[in-house]
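Letter by letter, the chains look like this.
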Amino acid sequence: MSRHLGEQKETLAEDVALIRTEVDHCQTILARMTGRARKIAGEPLELISVEALIHSTIDELTDASRIDLVMPKEVAAVDVQVPPDSLAQALRGLLQNGLDASGPEGRVHLSVAKGVDRVRIVVHDEGPGMEAATFERAGEPFFTTKEPGRGMGLGLFLARSVIERLGGTLQLDSSAGAGVTAVVELSTGNQSSA
């Protein structure tokens, strides 16, 4: 393109430079994701307490102080057999989405509860929520509501993939003006230290 610009070279050169920069940025992100995907695919299952899983998830976030955690002791002691890094990354993505949506002063509410053979993790943000058209597309690969450079539209898609691969579920609920709630349910395999 640069060679064929001719007279318009000056005005279009900036556009071509921007395209080159964005392509390089995409290549870097895809290379990073490919490396993570290889690691995730080969990560063995480990028995880990819900408490350790949740804390390893939160500890990696820069805005962790804006997360309100409710995790009763009897839930914290429950063990789950999961790939810990992969699942923590998936949960971290949900929390980061909530933090981003809530704005710099908003809070994200994280609660963990226990059923007979399941652990339920609920992430609720104080953001504006999603319009119906946006909600329908949430989780589609490369669909994002974030401004350029802030997201590729893969976090929710990858989180759902990891959770479903473990036999769990990820459900979203939202309405405009009421934030977004993400509900993750994981099997405990009837293994509990409580």
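Source: prediction; values computed, not measured. (Residues numbered from 1 in each chain as written. Predicted model: local features only at pLDDT ≥ 70, side-chain atom pairs only at ≥ 80, totals over all residues. Heavy atoms only, no water.)

Colleague: Got a minute to help me understand the overall build of the chain in this structure?
Modeller: What the chain contains, in helices and strands, is six helices and seven strands. For the chain, the succession of helices and strands along the chain, N to C, is α-β-α-β-α-β-α-β-β-α-α-β-β. Here the chain, with 194 residues, has 35% of them falling under the buried criterion. Nonlocal contacts in the chain, meaning residues at least 24 apart in sequence, comprise 68% of its contacts between residues at least 6 apart. With the model as given, the accessible surface of the chain reaches about 11500 Å², and the carbon-plus-sulfur share is 53%. (Helix = DSSP H or I, 4+ residues; strand = E, 2+ residues; numbered from the N terminus. Buried < 20%, exposed > 50% of the residue type's maximum accessible area, 1.4 Å probe, protein only. Contact = heavy atoms within 4.5 Å. Areas by Shrake-Rupley, 256 points an atom, 1.4 Å probe, with all protein chains shown as cover.)

Colleague: Is there a simple way to explain the environment of D68 in this structure?
Modeller: Following the sequence through the fold, D68 ends up in strand 2 (residues 67–70). Along the backbone, D68 and S111 are 43 residues apart, and their C-alpha atoms lie at a distance of 8.1 Å. Once you skip the residues sitting within four places of it in the chain, D68 turns out to touch R107, V108, H109 and L110. Within the local environment of D68, its side chain forms a polar contact with the side chain of R107, the two groups lying 2.5 Å apart. At 3.4 Å, the side chain of D68 forms a polar contact with the side chain of H109. (Polar contact = N/O pair within 3.5 Å; in protein donor to acceptor, adjacent residues only side chain to side chain.)

Colleague: Honestly, the side chain of S49 in this entry has me stumped. Any pointers?
Modeller: Counting through the fold element by element, S49 comes out in strand 1 (residues 46–49). Here the side chain of S49 touches A52 through a polar contact of 3.0 Å, landing on its backbone nitrogen. Setting aside residues up to four positions removed in sequence, S49 forms contacts with A76, V78 and D79.

Colleague: Please explain the sheet that holds strand 4 (residues 108–114) as it appears in this structure.
Modeller: Pairing between the strands of a sheet is mediated by backbone hydrogen bonds and can be parallel or antiparallel. The strand order 2-4-5-7-6 describes an open sheet built from five strands, whose pairing is mixed. Of all the strands in the sheet, just strand 2 and strand 6 (169–174) have a single pairing partner and so form its edges. Adjacent strand axes in the sheet meet at a mean angle of 15° when their direction is disregarded. (Pairing = 2+ DSSP bridges. Axes fitted to C-alpha atoms, helices over the stretch in contact; angles between N-to-C directions.)

Read these as geometric descriptors, not functional statements.
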